[in-house]
Amino acid sequence: MLDIILISIILVIALILFATEKIRVDLVAISLMVTLMILGLFRENFVTPKEAVSGLSNKATVTIGAMFILSAGMLKSGAMSWLSQKMMKFGGDSETRIFIILMLTTGFLSAFINNAITIAVFLPITLTIARQYHINPANLLMPLSFISIVGGTCTLIGTSTNILVSSMAAERGLGEFQMFTVTRLGIIFFIVGFIYLLFVAKPLLARITGLTRRYRLQDYFTLVTVPANCKLIGKTPLESHLNENYDVMVIEIKRGDQIILSNIRDTEIHAGDELLLQGSNEDIERISESEKLEPKPEKSPEDHLTDGGAVLTEAVISPSSSLVGQTLKRSNFRYRYGCFVLAIRKHDKTDVLKDHLADVRLGVGDTLLIQGRQRVIKDLAGNPDFVITEKSELPKFQKKKAIYSVSIIALVILLAATGIMPILVSSLLGCVLMIFSRCLTMQEAYDSIDWFVIFLLAGVIPLGLSLEKTGATDYIAYGILTATESLGPVFVISIFYFVTTIFAAIMSHNAAVIILFPIGIAAAKTLGMEPMPFLMAITFAASSSLSTPFGYHTNLMVYGPGGYKFSDFMIVGVPLNVLFWILATIFIPLIWF
C-alpha cells in the first residue's frame, strides 16, 4: 500500500508540473525517470534501472523518431511544397473553395506525414493566400491545425499517439496495430470534423482580428540624433552600458547613407549619427536628458526599421527549436542569427511584449517580430528553429529526390500494411534509404528529430511501468469501475474517452496515453472484456485534443500567427471534442466489441 501511495503522490506532482509548465515538460519527464530509478533501488515494486531507461529503446520511441526523419526527407526534397502549391491552384479566388482544398490537402498529408511538418509547410502558404485574397488568416489557421490533427487519426503512422499505443499493446502481448486498424473510425472523425470546420468553425472564427493586430512600435522605438555635445561620442554602446544604465538598446545606426545593423555594440558613435533606440518613453526621456541626445519625432520608427535593405517578418518558435526554454540573452540571439527581435507574442498570453525582451523565456508557438536584412531572413526560413510566416521560401522542388522520397514513404507504408515488416523495421529501413538516396544528409536527419518528444517519452514510459508494478493501475481501475460498472461497458469506455480528453488538454497527449493505458488494460481485465475498445478510446481521445492551444504542437504553431486568444480554442475546439466523444461512444462498440 505504501508503494501505491508513493506512486500516486509522484503522479499528482507530475500532472501539476505538466499542466502548469513552470518547468520544461521534457525536464519534468527526465526528472521523473531519475526519481523512479532511485526509488527502484530501495523498493522492489518500482522500476529497475534497466526498466527506467527502457523508454529510450522503446519501439514507439524509435519508430516516432524514424517518422520525423521520413517526414523531413519528403519536406527537403520539395515534394510537399510542390504538391501543396499545385493543389492550392484549384482554390481559385473563392474563400470557401480555398478553405476546402486547404483542409482536404492538409488532412490527407497528415495521415502519412508528421503533422508539425505539414503545418510548417502550409503555414506560410496559407498566410500568403490570405494576404493575396484579403482573407482573415484566423479563419484558416485554426482549422488548418485541427484538420491536420484529425487527419493523423486515419492511419497508424499519422500521429505519434497511434504508434505509442500500438507499441505498448505489443509489449503486453496484445498484438500491434496494423497500418489501417484505426482507419474506419479515423475517416468518420475526419468527415465530421471537416463538415464542422466548414459550416461551424469558419463562421465562428470570422470575428477574430488575426494578423490585423497592431504592434504599436512607436511606443517602444524612438529615433534620436547625436549632437556635437553628446556624451556618447567616441564610445560604443557596449562601453556606454546603455542597456544596464537605462534599459535601452541601440537597434541600428544611420550614418549618412550608411545603415549599420550588425556588430552595433562594438560600433563607435559619431556626431551626426541617427540612432534607433528600443525602450519605453520614460527610459528614452532619461537617456536623452542625461546623454544629450535629440529625439527625432518627425520620422516614423516603422519606416526607419526597414531602411537600408532591412525587413520585418514574423517567426514562430518551432516544436524542435533549440530556443525552447532559452531567453534571447542566454541564446545570444542577435549574434547567433544576425537579426533583432522587436516584439514577442507569447503563446499563453494575449498582450504583445515589447520591453525587457532579453529575459523572456521562449516556448513552442511564441511569435517573434524580427528585423534583419533580406539575406538573414532567407537563412532563417531554412532554419529548423523557426517557421517564418512571411516571405519565406519553401524547399526547392527537386524532381529526382522528390520521386525518391515519395517512393520510400510509399514503400514504408506498403511493407507495414501487408505485414511483411513491422512498422519499426520498415520505418528504419526508410530512414536509411532517405540517407543513401541523398534526400537527407546525416546532419539533417539528426536535426529533423523532435528531441522534446523523444525525451518526453523516455521519461514518462517508466511512470506507466511503475503504475503497473505497484498495483496502482488496478486500484484506480477498481475505483472507476465501482462508480460506473452498473451503467454498462459502453458507458465505462465513454468515461475513459472523456478522462483521456481532459488529460490530453492539460498535458502532453503522449503522457496522457502512457498514464491511462495500463489503467484501461486493468479495467478491461476486471470487466472480462477484450482491451481493444479501451485502447481505441484512449488512442482517439489523446489524438484529437483540440480544446486548448497546449493539446498539440500544431495548435501552438498557429496560435501567434492567427492572433488567437486562449478562449478562441475553447469556443471552437470544445464543441468538436464533444462531437468526437459522442461518435467514439457510438462507433467504438460497433467496430471493436
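Look up a bit, the structure's there.
All residue numbers refer to position in the chain's written sequence, counted from 1. Local features in a predicted model are, by the rule used here, given only for residues with pLDDT of at least 70; side-chain atom pairs are given and counted only at 80 or more, and totals for whole chains, interfaces and linings are based on all residues. The side-chain quantities take in all heavy atoms of the structure and omit both hydrogens and water.

Chemist: Describe the packing of aromatic side chains, listing the residues and the values that go with them.
Modeler: Each aromatic ring pair is characterised by the separation of its centres together with the angle its planes make. Between the rings of Phe, Tyr and Trp (Trp by its six-membered ring), a pair exists once the centres lie within 6.5 Å; its type follows the angle of the planes, with under 30 degrees stacked, over 60 edge-to-face, and the other angles tilted. Using the criterion set out here, one finds twelve aromatic pairs in the structure. Through a chain of ring-to-ring contacts, the aromatic side chains of F146, Y559, Y564 and F569 assemble into a single cluster. Here the guanidinium or amino end of R184 rests over the ring plane of W592, the centre of that ring lying 5.9 Å away. Working rule: Lys NZ or Arg CZ, within 6 Å of ring centre, within 35 degrees of ring normal, means a charge sits over the ring. Lying over the aromatic face of F99, K202 brings its terminal NZ or CZ to 6.0 Å of the ring centre.

Chemist: Describe the pattern of salt bridges, listing the residues and the values that go with them.
Modeler: Opposite charge on two side chains permits pairing when their charged atoms draw close. Any Lys or Arg side-chain nitrogen located within 4 Å of an Asp or Glu carboxyl oxygen qualifies as a salt bridge. Under the criterion given, the structure shown has twelve salt bridges. With its nearest N and O atoms 2.8 Å apart, the salt bridge here joins R43 to D3. In this pair, R43 sits in the loop between α2 (25-42) and α3 (49-52) while D3 sits in helix α1 (residues 2-20), placing the two residues 40 residues apart along the sequence. Across the salt bridge formed by K469 and E51, the nearest N and O atoms sit 2.9 Å from each other. With a gap of 418 residues between them, K469 in helix α21 (residues 451-469) and E51 in helix α3 connect regions that are remote in the sequence. Each of E171, R172 and E468 takes part in salt bridges that share partners, so that together they form one network. Only DSSP runs of H or I with at least four residues qualify as helices, and only runs of E with at least two residues qualify as strands; both kinds are numbered from the N terminus onward.

Chemist: Can you lay out helix α22 (residues 472-484) for me, pointing to particular residues and giving the numbers?
Modeler: By definition here, a helix of n residues has an expected span of 1.5 Å times n minus one. Over its 13 residues, α22 extends 18 Å from the first C-alpha to the last, a length consistent with the 18 Å expected when each residue adds 1.5 Å. For α22, the complete set of buried residues consists of A472, T473, A477, L481 and T484. The arc that holds the buried residues of α22, viewed along the axis, is 160 degrees, so those residues lie on one side. Those residues of α22 that are exposed and angled more than 90 degrees off the buried face are Y478, T482 and A483. For this analysis, residues touch if any pair of their heavy atoms sits within 4.5 Å. Looking at the buried residues of α22, the elements they touch are α1, α21, α23 (489-506) and α24 (509-527). Burial classification: accessible surface area is computed with a 1.4 Å probe over protein chains only, and a residue below 20% of its type maximum counts as buried, one above 50% as exposed, and the rest as partly exposed. Of all possible arcs, the one meant is that of the directions from the helix axis to the C-beta atoms.

Chemist: I'd like to hear about the packing of helix α7 (residues 95-110) against helix α11 (residues 183-205), residue by residue, with values.
Modeler: Fitted lines through C-alpha atoms give the axes, limited to the stretch in contact for helices. The angle between two N-to-C directions lies from 0 to 180 degrees. At a minimum axis separation of 11 Å, α7 and α11 run at an interaxial angle of 150 degrees. The angle between α7 and α11 falls in the class roughly antiparallel. Here α7 runs over α11; the crossing is right-handed. Across from E95, T96, F99, I100, M103, L104 and G107 in α7, the residues of α11 making contact are F190, F194, L197, L198 and K202. Each residue is assigned to one class: nonpolar for Ala, Val, Leu, Ile, Met, Phe, Trp, Tyr, Cys and Pro, charged for Asp, Glu, Lys and Arg, and polar for all the others, Gly among them. Classifying every residue of the contact of α7 with α11 by side-chain character gives eight nonpolar, two polar and two charged. In these notes the angle categories are as follows: under 35 degrees is roughly parallel, over 145 is roughly antiparallel, 65 to 115 is roughly perpendicular, and the rest is oblique. Note on convention: near helix rotated counterclockwise from far helix by under a right angle means a left-handed crossing. Clockwise means right-handed.

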